Amino acid sequence: YLSFQGECDLVHISTKNITIHVRTQLGSNAQFSFVQAVALSAGGEILEIQNNRGVMSYFINGSVPINPPATFGGYPFFVIGSRFAIDLGQGQSIRIRQRGGMIAMDVTGNDATFRESKGITGSFRENKAILRNNSLFQNANPEEIALEWVVNETKGDEILFKDPS
């Protein structure tokens, strides 16, 4: 759990095969921020899912698909109403849905897939907040952690959202 109020794109999880960015937006009273969109990169493809006032929409490689594809980035892909799922195999998955007007995402994985993961969610192995150079944050506050993981091309981050924040 991370308490950070702001509007920006953050590296949620990054592995050698899968990258997930989240776009946060301030709530109506500016007391909190929430995930308004998610962008995923896998197998040379980009999936972007947006929640616009309770209406979920998605793009694959910048375009709205006429019909949901059977695969995304080489993984089985499912769209059921406003729920999206990517089956990573071996009981692993990425599930995205709308919940309470916000985007909710569940990432289930194992050490083989997420061992070297980085991002605002921390280290899979250590279960601790880490810097981009893999060193552990020492007594970091939530703002420092969030600022470390703002999407930044100069730090090697690919821009996944079709429209910059």
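Worth saying up front: this structure is predicted, and the values here are computed from it rather than measured. The residue count restarts for each chain, going from 1 along the sequence in the order it is written. Whole-chain, interface and lining totals are the exception, using all residues; otherwise, since this is a predicted model, local features are given only for residues with pLDDT of at least 70 and side-chain atom pairs are given and counted only at 80 or more. Based on all heavy atoms of the structure, the side-chain values leave hydrogens and waters out of the count.

### Considering the sheet that holds strand β6 (residues 71–72)
Heads up, the rule is: Between any two strands, pairing holds if DSSP finds at least two bridges. Helix and strand definitions follow DSSP, with helices as H or I runs of at least four residues and strands as E runs of at least two, each counted in order from the N terminus.
Reading across the sheet, the five strands line up as β6-β7-β8-β9-β10 and stay open at both edges, with antiparallel pairing between neighbours. Two strands in the sheet have a free side with no partner beyond their single neighbour: β6 and β10 (102–108). Pairing of strand β7 (residues 75–80) with strand β8 (residues 83–89) involves four bridges; the strand directions are antiparallel. Bridge pairing links F77 to I86 in β8.

### Thoughts on the nonpolar core
This is how it is decided: What we call a nonpolar core is a set of buried Ala, Val, Leu, Ile, Met, Phe, Trp, Tyr and Cys residues that are connected through their side-chain atoms within 4.5 Å. In this scheme, a residue with accessible area under 20% of its type's maximum is buried, one over 50% is exposed, and one in between is partly exposed, where area comes from a 1.4 Å probe on protein chains only.
L40, L47, F77, I86, I94 and I96 are the most contacted members of the largest nonpolar core, which totals 32 residues. By size, the runner-up hydrophobic cluster in this structure holds five residues, among which are A37, A39, I46 and L160.

### Let's talk about the packing of aromatic side chains
The criterion, for reference: Classification of ring pairs rests on two measures: the distance between centres of Phe, Tyr or Trp rings, Trp counted by its six-membered ring, which must be within 6.5 Å, and the angle between planes, read as stacked under 30 degrees, edge-to-face over 60 and tilted in between.
Applying the stated rule across the entire model yields four aromatic pairs. Ring geometry for Y58 against F84: centres 5.2 Å apart, planes inclined by 70 degrees, an arrangement best described as edge-to-face. Placement of the pair is Y58 in strand β5 (residues 55–60) and F84 in strand β8, with a sequence separation of 26 residues. Residue F84 is classed as buried on the basis of its relative accessible area of 5%. Consider the rings of F72 and F77, whose centres lie 6.2 Å apart with planes at 50 degrees: the pair is tilted.

### Quick word on the pairing of strand β2 (residues 18–26)
Of all nine residues in β2, seven are buried, a share of seventy percent or more. Linking strand β1 (residues 9–14) back to β2 in an antiparallel pair, the connection comprises three residues. Bridge analysis of β2 against strand β3 (residues 33–42) gives nine bridges, and the strand direction is antiparallel. Within β3, the residue paired with T24 across the bridge is V35.

### Overview of the environment of V79
Definition in use: Note on contacts: a residue pair qualifies if any of its non-hydrogen atoms lie within 4.5 Å across the two residues.
The topology assignment puts V79 in strand β7. Remark: the alpha-carbon pair of V79 and R97, spanning 18 residues in sequence, is separated by 10.0 Å. Not counting chain neighbours up to four residues away, the residues in contact with V79 comprise Y58, P68 and F84.

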